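Each chain is listed here by its residues.
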Number of protein chains: 4
Amino acid sequence: MFSTVISPRFYETDAFGHINNIVVAGWFETGREAIFRVFTPELDPQKLPLILARIEVDFVAQIYYGSEVEIRTGIEKFGRTSFIVVQEAWQKGELVARGRAVQVYFNHDTQQSEPLPAAYRDVLEQHLVGAADS
Amino acid sequence: MFSTVISPRFYETDAFGHINNIVVAGWFETGREAIFRVFTPELDPQKLPLILARIEVDFVAQIYYGSEVEIRTGIEKFGRTSFIVVQEAWQKGELVARGRAVQVYFNHDTQQSEPLPAAYRDVLEQHLVGAADS
Amino acid sequence: MFSTVISPRFYETDAFGHINNIVVAGWFETGREAIFRVFTPELDPQKLPLILARIEVDFVAQIYYGSEVEIRTGIEKFGRTSFIVVQEAWQKGELVARGRAVQVYFNHDTQQSEPLPAAYRDVLEQHLVGAADS
Amino acid sequence: MFSTVISPRFYETDAFGHINNIVVAGWFETGREAIFRVFTPELDPQKLPLILARIEVDFVAQIYYGSEVEIRTGIEKFGRTSFIVVQEAWQKGELVARGRAVQVYFNHDTQQSEPLPAAYRDVLEQHLVGAADS
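Note that this is a predicted model, so its numbers are computed, not measured.

Novice: Mind showing me how you'd approach the interface of chain B and chain A here?
Specialist: When the parts come together, some accessible area is lost, and that loss is often what is quoted as the size of the interface. Contact with chain B, which involves 23 residues of that partner, is made by 23 residues of chain A. Both sides of the chain B and chain A interface together cover about 2,100 Å² of buried area, and 55% of this is carbon and sulfur. Counting the contacts that link chain B with chain A gives four salt bridges. In this structure, Arg54 of chain B engages Asp58 of chain A in a salt bridge whose closest nitrogen and oxygen atoms are separated by 2.8 Å. For the pair chain B and chain A, the number of links is twelve residue pairs in polar contact (both at pLDDT 80 or more). By residue number, the principal contributor to the side of chain B that touches chain A is strand β2 (residues 50-59) of chain B, which donates nine residues.

Novice: Would you mind going over the pattern of salt bridges with me for this structure?
Specialist: Pairs can form between side chains of opposite charge whenever their charged atoms are close. All names here are of chain C. Following the criterion strictly, the structure yields 37 salt bridges over all chains and no others. The salt bridge involving Glu56 is made with Arg54; its shortest N-O contact spans 3.1 Å. For Arg54, a relative accessible area of 19% gives the class buried.

Novice: Which parts of the structure should I look at to understand the relation of the copies chain D and chain A?
Specialist: For the pair of chain copies, the relating operation is a rotation around an axis with a shift along it. Superposing chain D onto chain A requires a rotation of 180° together with a translation of 0.0 Å along the rotation axis, leaving an RMSD of 0.0 Å. Put plainly, the chains are arranged around a two-fold axis. Taking the C-alpha atom as reference, chain D places Ile6 of chain D closest to the rotation axis, 4.9 Å from it. Comparing contact sets, 100% of the residues at the interface of chain D also lie at the interface in chain A, consistent with an isologous, same-surface contact.

Novice: What should I look at first to understand helix α1 (residues 21-31) of chain B in this one?
Specialist: The α-helix advances 3.6 residues per turn, and as a result positions three or four apart in sequence lie on the same side. With ten of eleven residues buried, α1 of chain B lies mostly within the body of the structure. With a side-chain oxygen lying 2.9 Å from the backbone nitrogen of Ile22 of chain B, the N-terminal cap of α1 of chain B falls on Asn20 of chain B.

Novice: Is there a simple way to think about the relation of the copies chain B and chain A in this case?
Specialist: Rotating chain B by 180° about the axis while translating it 0.0 Å along that axis superimposes it on chain A, leaving an RMSD of 0.0 Å. When the interface residues of chain B are mapped onto chain A, 100% of them again fall at the interface, so both copies present the same face.

Novice: Whenever I open this one, the nonpolar core confuses me. Can you help?
Specialist: Note that soluble globular proteins tend to have their nonpolar side chains buried in a common cluster. Counting residues in each nonpolar core, the largest one holds 149 residues, and the members touching the most others are Phe83 of chain A, Phe39 and Phe83 of chain B, Phe83 of chain C together with Phe39 and Phe83 of chain D. Other than its neighbours up to four places away in sequence, Phe83 of chain D contacts Ile35, Phe39, Leu50, Ile75, Lys77, Phe78, Ala101, Val102, Gln103, Leu116 and Leu124 of chain D.

Novice: Where do I start with the packing of helix α1 (residues 21-31) of chain C against helix α1 (residues 21-31) of chain D in this structure?
Specialist: Geometry of a packed helix pair, given as the angle between the helix axes and the separation of the axes. For the pair α1 of chain C and α1 of chain D, the least separation of the axes is 9 Å and the interaxial angle reads 170°. In terms of orientation, α1 of chain C and α1 of chain D fall into the roughly antiparallel class. Contacts from Ile22, Ala25, Gly26 and Glu29 of chain C in α1 of chain C reach Ile22, Ala25, Gly26 and Glu29 of chain D in α1 of chain D. Split by residue class, the contact of α1 of chain C with α1 of chain D holds four nonpolar, two polar and two charged.

Novice: Help me understand the environment of Glu12 of chain A in this model?
Specialist: Along the chain, the position of Glu12 of chain A falls in the loop between β1 (2-6) and α1 (21-31). We classify Glu12 of chain A as buried; its relative accessible area is 3%. As for Glu12 of chain A and Val24 of chain A, which are separated by twelve residues in sequence, their C-alpha atoms are 9.2 Å apart. When near neighbours in sequence (up to four residues on either side) are disregarded, Glu12 of chain A contacts Ser7, His18, Ile19, Asn20, Val23 and Trp27 of chain A together with Arg9 and Tyr11 of chain D. A polar side-chain atom of Glu12 of chain A sits 2.8 Å from a polar atom in the side chain of Arg9 of chain D.

How each quantity is defined
Residues numbered from 1 in each chain as written. Chains lettered and ligands numbered in written order. Predicted model: local features only at pLDDT ≥ 70, side-chain atom pairs only at ≥ 80, totals over all residues. Heavy atoms only, no water. Contact = heavy atoms within 4.5 Å. Buried area = accessible area lost by both parts, 1.4 Å probe. Salt bridge = Lys/Arg side-chain N within 4 Å of Asp/Glu carboxyl O. Polar contact = N/O pair within 3.5 Å; in protein donor to acceptor, adjacent residues only side chain to side chain. Helix = DSSP H or I, 4+ residues; strand = E, 2+ residues; numbered from the N terminus. Buried < 20%, exposed > 50% of the residue type's maximum accessible area, 1.4 Å probe, protein only. Least-squares fit on C-alpha atoms with pLDDT ≥ 70 in both. Core = buried A, V, L, I, M, F, W, Y, C linked by side-chain atoms within 4.5 Å. Axes fitted to C-alpha atoms, helices over the stretch in contact; angles between N-to-C directions. Parallel < 35°, antiparallel > 145°, perpendicular 65-115°, else oblique. Nonpolar A, V, L, I, M, F, W, Y, C, P; charged D, E, K, R; others polar.

If you want it as structure tokens, here you go:
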């Protein structure tokens, strides 16, 4: 799985004293940047042929300000024009959140989804999560 | 269903030129404030006995800066200590996103979930969504 | 002055239990949308010939979740290619923050600032703040 | 000066295709965490005796998604109960933003500012910026 380390920011806390839930959805987007780089190594938004169709986040434990969070990102499975990303957030050795994202291969010019080219699929397959029970 | 009107903000757009997906997860939190008020009419975070266990968002259509978005929020069903919220986002007469959120009745002092008191359930039941197929 | 009413969102609070300071800078951007509409009534980002050169925010009092905030926005003075916006945030009858923003009239094609056309200036002058001591 | 490296996130871009200005104000807050750690090494918000009285940000150049930004943070000068922080954002060897923040030493229990204790001042003085012409 790809690994991205996040330092929680003060403005990401909320009045409950922990990291706000919605922020975690944002961190998972950030974790998916490792996947975006498969399509555009320089992360040029104009060259990113993906849109997001769905997200799911399970909030497993409270996430605290003051210690780093690791976002782990892998591929769960492939559809014809889309693929499912699985993600986990870990803090201090504990799983604190899990997520899924459905990314669609998308032609921004025609505004249509298209079959995921084999060249990209081959790269992404290297990041398939074995027992995708997360 | 509860209705909350959101004016998209410029900083909520992203480089694709539309509203960023993660922002929609935030708007759905805002839509759930109508439910938070059932528990704390003055929206005092210290008196809000809910935590969020899970969210799902389906991104149905692009959301544009420059016109209002209506967030509709209702209850799908009740568990013993939790309930499922269903939400929709509408812009210019079009359904642009759908969401679900699992809210857990939670005692912040004991850090434990507790059965949802009948008094709250009675109020929330008035907002049950009939054919909860969204 | 233009007036924009903001309902603070739960995710805009921070661990101090109030609205995070940085959020206020965002709300002031939202307050300036009334000015953006002078240049593009439909708020089309592609037609917005302004960039932001500078912001200042004075945090006067704590801002609470649970009650509305009014953002007041006016023009302090004009330069050749820019103008200064003054802003205030009010909650429950109390001034809670003050801000200034320097907006530059900007040609996104040439990536150069340009003199502010008189037609725009005439409209904006109607929103000049008399005693600009804020 | 303290140095903090930020990887811009996709959701921090806006419809102009670059990083949104308000986000930079947030990054500067993140840069100030090095200063927060002087007061609470574990970054416990309950032990952070500072409030923010004012921020200024000058937007010098466009900031792009896809390459890191270094936030440099130092102390400009001390008042009796407050101190001024100066900050810079650098991307690809170019200064892209400058900021100032006025932090006040604050007793959250009494809700009053207090003189900055010498012990803290001694540590912060090591980060005084010599020619504070930023």
